[in-house]
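Architecture at a glance
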Amino acid sequence: PVFDINLKIVRNCDIYTTLTPTPEPNNPDIMVVPYYAKDPNDPNHIILPDDFKYKADYGVVYIATHGMKNFGLDCGIYCENTKMSDFVNYYRDQENELWCFDYPYYKKTLHRIKKLYLSKTWIEQEKPGNSIVFIGACNSWSFIDSFYNANNPVQACIGFTTDSYMISSRQIATEFFNNMIFAKPPKSVNEAFYIAKSKIGKIERKATTEEEIYFPGSLTVTVHKENLQN
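All of the points below concern the structure found in this document. (Residues numbered from 1 in each chain as written. Predicted model: local features only at pLDDT ≥ 70, side-chain atom pairs only at ≥ 80, totals over all residues. Heavy atoms only, no water.)

Topic: helix α1 (residues 83-90)
By the burial criterion, the buried members of α1 are Met84, Ser85, Phe87 and Val88. Mapping the buried residues of α1 onto a view down its axis gives an arc of 155 degrees, with all of them on the same face. Away from the buried face of α1 by more than 90 degrees, exposed residues Lys83 and Tyr90 are located. Where α1 is buried, its residues touch β7 (72-77), β8 (99-102), β9 (115-119) and α2 (120-125). (Buried < 20%, exposed > 50% of the residue type's maximum accessible area, 1.4 Å probe, protein only. Helix = DSSP H or I, 4+ residues; strand = E, 2+ residues; numbered from the N terminus. Arc of directions from axis to C-beta. Contact = heavy atoms within 4.5 Å.)

Put into structure tokens, the structure is as follows:
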């Protein structure tokens, strides 16, 4: 089989801040530190809402981000000079339905940063496809049904039932995919899931069938790291 691997990694060096807090337009009591993309025309290292549009022929989807309980997934720090602003302006009348802002504190100061979250409604309407999906995000299990309400539901979906520490959630995902891809013989979704779950009890799975589901074919993975220093 032929595998088209679509990988997106956000690096700290690809965004910058002016460090000049400004009042949030609709909530002037919140002082926000604005962020910008160094190259707004280069989409390779800035996560955008369209990146959450799953192609129906993706065999495996892995999302590593933050999660908001009962709402959705973190699209990243809001960069004023990217298509994030186009998205927000276009769907302005659907705030809190398709998207919302969150304002975590900036480096333990009184100022905040603005983050864009995409709702489970956005996920549902984009039809994830007949895939194996692993959502490495806090409380991702709280909106897991979005992947099954879609017209083309996924084969299996794995998520976290509570808050999950970033490093441990990545370790669990590594354990899961290593057993599905590189074990001899390769493990099924069920087998790989229970091995990963034995390491930490916070993950759950749901599948459209009780039949054994396997990774779609044999695979050799080569990672090029020249541009991933940061």
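Notes on the pattern of salt bridges
Per the counting criterion, the structure on display carries two salt bridges. For Glu24, the salt bridge goes to Lys114, with nearest N and O atoms at 3.1 Å. With Glu24 in strand β2 (residues 22-24) and Lys114 in the loop between β8 and β9, this residue pair connects regions lying 90 residues apart in the sequence. In terms of burial, Glu24 and Lys114 fall into one category: buried. (Salt bridge = Lys/Arg side-chain N within 4 Å of Asp/Glu carboxyl O.)

So, the nonpolar core
Among the nonpolar cores identified, the biggest contains 38 residues, and Phe52, Leu73, Leu116 and Ile135 are the most heavily contacted of them. Of the residues forming this core, the biggest block, three residues, is contributed by α1. Not counting chain neighbours up to four residues away, the residues in contact with Leu116 comprise Pro49, Leu73, Asp74, Cys75, Gly76, Tyr78, Met84, Phe87, Val88, Trp99, Cys100 and Phe101. Phe134, Phe176, Ile181 and Val189 belong to the second largest nonpolar core, which has 18 residues in total. (Core = buried A, V, L, I, M, F, W, Y, C linked by side-chain atoms within 4.5 Å.)

Some thoughts on the pairing of β9
Burial runs high along β9: five of the five residues are buried. Residues Lys115, Tyr117 and Ser119 point to one face of β9 and Leu116 and Leu118 to the other, with burial holding for every one of them. Sheet analysis places β7 next to β9, joined by five bridges and oriented antiparallel. Residue pairing for β9: Gly72 is matched across the bridge by Ser119. In this sheet, β9 lies alongside β8 in antiparallel orientation, the contact comprising four bridges. (Pairing = 2+ DSSP bridges.)

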